[in-house]
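Here is how the chains run, residue by residue.
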Amino acid sequence: MDKKRANAKYSDGRQNIEFSVSIFLWEENSIFYVYSPALDLTGYGLTKDEARESFETVLEEFIKYTHNKKTIFKELENLGWAVNKRRKRVVSPDFEDLLSENEHFRHLYKSKDLVRDSSNVNLQLA
């Protein structure tokens with residue numbers, strides 16, 4: 001998989017959200033999975049591209065739903081993100097924190113041959 005980050009864009013006409021997040025890819029029983037432990041979101045498909053498209057759809061829907069419900073900052077805080085509501089900026093948890101706090105991810109990381117990108121993740125609401 002060439003791209004190891006997923007991107008989503010959402011605009012409600014007043015605010016724009018651009019999101020980039022590190023992702024992990026693996027194959028199991030001829031199904032490809034794309035997972036973001038920072039958001040606890042998964043996409044899947046019969047090919048890497050289908051899995052990536054599925055994940056990007058899930059990510060976009062997560063952003064759209066939580067933004068519309070005005071819960072995006074609360075949800076990200078619940079997932080361990082550092083949130084600055086006044087500046088409308090957030091930063092994802094460190095990789096080590098994700099491994100220690102997310103049991104599902106810890107299991108995947110130990111048992112699967114994951115392809116990963118360890119870049120930092122930032123979100124800005126403009």
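Structure: see above.
Being a predicted model, the structure only gives us computed values, none of them experimental.

Thresholds, definitions, all that
Residues numbered from 1 in each chain as written. Predicted model: local features only at pLDDT ≥ 70, side-chain atom pairs only at ≥ 80, totals over all residues. Heavy atoms only, no water. Core = buried A, V, L, I, M, F, W, Y, C linked by side-chain atoms within 4.5 Å. Buried < 20%, exposed > 50% of the residue type's maximum accessible area, 1.4 Å probe, protein only. Helix = DSSP H or I, 4+ residues; strand = E, 2+ residues; numbered from the N terminus. Salt bridge = Lys/Arg side-chain N within 4 Å of Asp/Glu carboxyl O. Pairing = 2+ DSSP bridges. Contact = heavy atoms within 4.5 Å. Axes fitted to C-alpha atoms, helices over the stretch in contact; angles between N-to-C directions. Phe/Tyr/Trp six-rings, centres within 6.5 Å; stacked < 30°, edge-to-face > 60°.

Undergrad: How should I be thinking about the nonpolar core in this particular structure?
TA: In globular proteins that are soluble, nonpolar side chains generally tend to be buried together. Core analysis: the biggest nonpolar cluster contains 27 residues, and V21, L39, F55, L59, L76 and F105 have the highest contact counts within it. The greatest single-element share of this core, amounting to five residues, is contributed by helix α1 (residues 48-68).

Undergrad: Is there a simple way to think about the pattern of salt bridges in this case?
TA: Pairs can form between side chains of opposite charge whenever their charged atoms are close. Throughout the structure, instances matching the rule amount to one salt bridge. Of the charged contacts in the structure, one is a salt bridge between R52 and E56, with a shortest N-O distance of 3.4 Å. With R52 and E56 both in helix α1, this residue pair falls four residues apart, about one helical turn.

Undergrad: Looking at this structure, I do not really get the environment of T57. What am I missing?
TA: For T57, the location among the structural elements is in helix α1. Linking T57 and T42, residues 15 residues apart in sequence, is a C-alpha distance of 10.0 Å.

Undergrad: Would you mind going over the sheet that holds strand β3 (residues 24-28) with me for this structure?
TA: In sheet architecture, strand pairing relies on hydrogen bonds along the backbone and comes in two forms, parallel and antiparallel. One open sheet accounts for four strands, arranged β5-β4-β3-β8; its pairing is antiparallel. The sheet is open, and its two edges are formed by β5 (41-45) and β8 (115-116), each paired on a single side. As defined by bridge partners, β3 adjoins β8 across two bridges and the pair is classed as antiparallel. When the bridges of β8 are listed, F24 appears paired with R116. Relative to β5, α1 is tilted by about 145 degrees, and along the sheet it contacts β3, β4 (31-36) and β5. Along the sheet, helix α4 (residues 103-111) contacts β3, β4 and β8; its crossing angle with β4, the most-contacted strand, is approximately 130 degrees.

Undergrad: Is there a simple way to explain the packing of aromatic side chains in this structure?
TA: Each aromatic ring pair is specified by the distance between its two centres and by the angle formed by the two planes. By the definition in use, this model includes eight aromatic pairs. Geometrically, the ring pair formed by Y35 and F105 is tilted, given 6.2 Å between the ring centres and 35 degrees between the ring planes. Here Y35, found in strand β4, pairs with F105, found in helix α4; they are 70 residues apart in sequence, far enough to count as distant. Among the residues examined, Y35 registers a relative accessible area of 0% and is labelled buried. Taking relative accessible area as the criterion, F105 reaches 0% and is therefore assigned buried. With a centroid separation of 5.4 Å and 70 degrees between ring planes, the pair formed by F95 and Y109 is classed as edge-to-face. Of the two residues, F95 is situated in helix α3 (residues 95-101) and Y109 in helix α4; the sequence distance between them amounts to 14 residues. An aromatic cluster of at least three residues, connected via ring pairs, comprises F24, Y35, F95, F105 and Y109.

The quantities given are spatial measurements derived from coordinates; they are silent on function.
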